[in-house]
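Structure assessment
Here's the letter readout for the chains.
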Amino acid sequence: MHRRTARGALVIGVAAALALAGCSDKSSDSGSTDSTGTSGSSSASGLTIKPQVLLDSEGKEVESSSASEAADPAGDGNATCSNAVLAMAGALTGANAALGQNILMGAKLALDEHNKANPGCQVEMKQFDTEGDPQKATQVAGPITSDASIIGLLGPAFSGETNATGAQFNQAGLPFLTASATNPSLTEKGWTNFFRGLGNDNSQGAVVAKYLTGQLGAKKVCVIQDDTDYGVGLAKVVTENLGEAADAACSASVKSGQKDFSATVSQIKGEEPDAIWYSGYYAEAAPFVTQLREGGVTATFSSGDGTNDPEFVKQAGEAAKDTILTCPCVPGPEDFVTKYNALNGQYPGVYSVEGYDLTTIMLKAIDSGVTDRAGMLAFVKAYDGQGVGKRYQWNDKGELANALIEIYKVG
């Protein structure tokens, strides 16, 4: 689908999402999202996260891929299999659960389409909640790897939990495909069965820096990071690529779960920056930007995929207005959005498309006759195909051959 066509669906999706937000009985952990695939609305402020431009790793604008050639999880409807089991691991509860739920709901759509079309091959996906916590992720890694019926894993979702469990999954020979873990070091561990379904922080951070200093003309940027592997890694890349524009006098670190940012706000206010880059998740980004605005800081607030969720807008309200958000994920086309909403009762969020596409790839492996982990690994390593969001083909380290970054704005 042409990028303008995909964005045309946004108007319809936003209106529907606003109506849904007003009547939804889902918990705040699930979040409410709209048709962009990574955007949403706040019932109080009416703000949404809107896609602006798709950039390649050099920061050049590119057109979105056509979804007409995307792999179909339904296949030809003639697949046969028995005891076919996949698993998903990620934050399904907790402060950042919306991100994990987005992935799971994308996977559920792929599974629903496959199983309805293939009565002779009913695939199960077992769910494992990590709460986004590396320590808790290690507690579920054992049950996953020891379950011989599980031949492919969607996840883990976050970089920290992936770092904590990757060696165990690798030793067990279990292919694990992440829709969202972006720390660049993950593909430098020597794991032979890890595949990243989106660009890493090196690609995102470089594009972010070019966008802030180029298109936005920022001369002074304060880089703030949380204490997660994701936040630290992304902040490092952004800082390096900002060069002299990164103001060391207002760089700062915050903690997961922190709610009082007054000291950091005062530090930033004294430096009078043009922009602020926050590396972390929406649970902290929302109160942080709120306190920045209450403290009189008017600099452009920007952040990455960990913040790019409707919950950020919902929790920050008017303070989120004009925030620049980035993501190495891509919006879903209109047909995907419609089907996703019909099944899940809400619109796609960040990583929903990647969750769908990666699950589809594993389903195609099963339909081809794969019955064990070794077969799944061989299939994914050799895979080269178009997905709903992008083309999937991996190098020998598990990185995608093409990394695209979408720029979003809250408005």
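Below, the structure is looked at part by part. Nothing here was measured: the structure is a model prediction, and the numbers come from that model.

Counting its secondary structure elements, the chain contains 12 helices and 14 strands. Within the chain, the proportion of its 411 residues that are buried is 59%. A sequence separation of at least 24 residues applies to 73% of the contacts in the chain between residues at least 6 apart. Carbon and sulfur atoms provide 48% of the accessible area of the chain, an area that totals close to 14800 Å².

This part takes up the side chain of S279. As for its placement among the helices and strands, S279 is situated in strand β9 (residues 275-279). The residues touching S279, leaving out its near neighbours within four places in the chain, are I224, Q225, D226, G231, L234 and A235.

Here we come to the nonpolar core. With 99 residues, the main nonpolar core has L86, I276, F288, F301, F312, M376 and W394 as its most contacted residues. With near-sequence residues (within four places) excluded, I276 lies in contact with C222, I224, I268, L292, V297, A299, T300, F301 and S302.

Turning our attention to the packing of helix α3 (residues 134-146) against helix α4 (residues 159-171). Their axes nearest at 8 Å, the elements α3 and α4 cross at an angle of 30°. Taken together, α3 and α4 sit at an angle that is classed as roughly parallel. Our pair here, α3 against α4, has a crossing hand that is right-handed. Where α3 approaches α4, its residues P134, A137, T138, A141, G142, I144 and T145 are matched on the opposing element by G160, E161, A164, T165, Q168 and F169.

Read from one edge to the other, the open sheet built from five strands follows the order β3-β2-β4-β5-β6, with strand pairing classed as parallel. A strand with exactly one partner marks an edge of an open sheet, and here the two such strands are β3 (124-129) and β6 (194-196). Between one strand and the next, the sheet's axes are offset by a mean angle of 20°, whatever the strand orientation. Strand direction decides the pairing type here: strand β5 (residues 176-178) and β6, joined by three bridges, are parallel. Along β6, the bridge assignment pairs T178 with R196.

What follows concerns α4. Between the first and last C-alpha of α4 there are 18 Å, a value that for 13 residues agrees with the 18 Å anticipated at 1.5 Å per step. Taken as a whole, α4 carries its principal kink of about 50° at T165. By the burial criterion, the buried members of α4 are S159, G160, E161, T162, T165, G166 and F169. Those residues of α4 hidden inside the fold are in contact with β2 (85-90), α3, β4 (150-154), β5, β6 and α6 (229-242).

Bringing the state of the cysteines into the picture now. Following the criterion strictly, the structure yields three disulfides and no others. Here C81 connects covalently by a disulfide to C121, the sulfurs 2.1 Å from one another. The chirality of the disulfide connecting C81 with C121 is right-handed, given an S-S dihedral of about 100°. Residue C81 is located in the loop between β1 (49-55) and β2, and its partner C121 is located in the loop between α2 (97-117) and β3; the two are separated by 40 residues in the primary sequence. Given the relative accessible area of 24%, C81 is considered partly exposed. Given the relative accessible area of 0%, C121 is considered buried. Here C222 connects covalently by a disulfide to C250, the sulfurs 1.9 Å from one another. Negative torsions about the S-S bond denote left-handed disulfides, and the value of about -95° found for C222 with C250 makes this one left-handed.

Another aspect to go through is the pairing of strand β7 (residues 221-225). Most of β7 sits inside the fold, with four of its five residues counted as buried. Across five bridges, β7 lies against β9 in parallel orientation. Pairing of V221 across the sheet is with A275, part of β9. In terms of strand pairing, β7 meets strand β8 (residues 252-253) through two bridges, oriented parallel. If you follow I224 over to β8, its bridge partner there is A252. A crossover connection joins β7 to the parallel β8 through α6; in handedness this β-α-β unit is right-handed.

So, on to the packing of helix α5 (residues 201-213) against α6. Running from amino to carboxyl end, α5 crosses α6 at an angle of 45°, the nearest separation of the two axes being 8 Å. Relative to α6, the element α5 is oriented oblique. Like other packed secondary-structure pairs, α5 and α6 cross with a definite hand, here right-handed. Mapping the contact onto sequence places D201, N202, Q204, G205, A206, V208, A209 and T213 in α5 and Y230, G233, L234, V237, V238, N241 and L242 in α6. Here the contact of α5 with α6 is composed, by residue class, of eight nonpolar, six polar and one charged.

Reading guide: rules and limits
Residues numbered from 1 in each chain as written. Predicted model: local features only at pLDDT ≥ 70, side-chain atom pairs only at ≥ 80, totals over all residues. Heavy atoms only, no water. Helix = DSSP H or I, 4+ residues; strand = E, 2+ residues; numbered from the N terminus. Buried < 20%, exposed > 50% of the residue type's maximum accessible area, 1.4 Å probe, protein only. Contact = heavy atoms within 4.5 Å. Areas by Shrake-Rupley, 256 points an atom, 1.4 Å probe, with all protein chains shown as cover. Core = buried A, V, L, I, M, F, W, Y, C linked by side-chain atoms within 4.5 Å. Axes fitted to C-alpha atoms, helices over the stretch in contact; angles between N-to-C directions. Parallel < 35°, antiparallel > 145°, perpendicular 65-115°, else oblique. Left-handed = near helix turned anticlockwise from the far one by under 90°. Pairing = 2+ DSSP bridges. Expected span 1.5 Å × (residues − 1). Bend = angle between axes of the 7 residues up to and from the residue. Disulfide = S-S within 2.5 Å. Right-handed = clockwise from strand over helix to strand, strands pointing away. Nonpolar A, V, L, I, M, F, W, Y, C, P; charged D, E, K, R; others polar.

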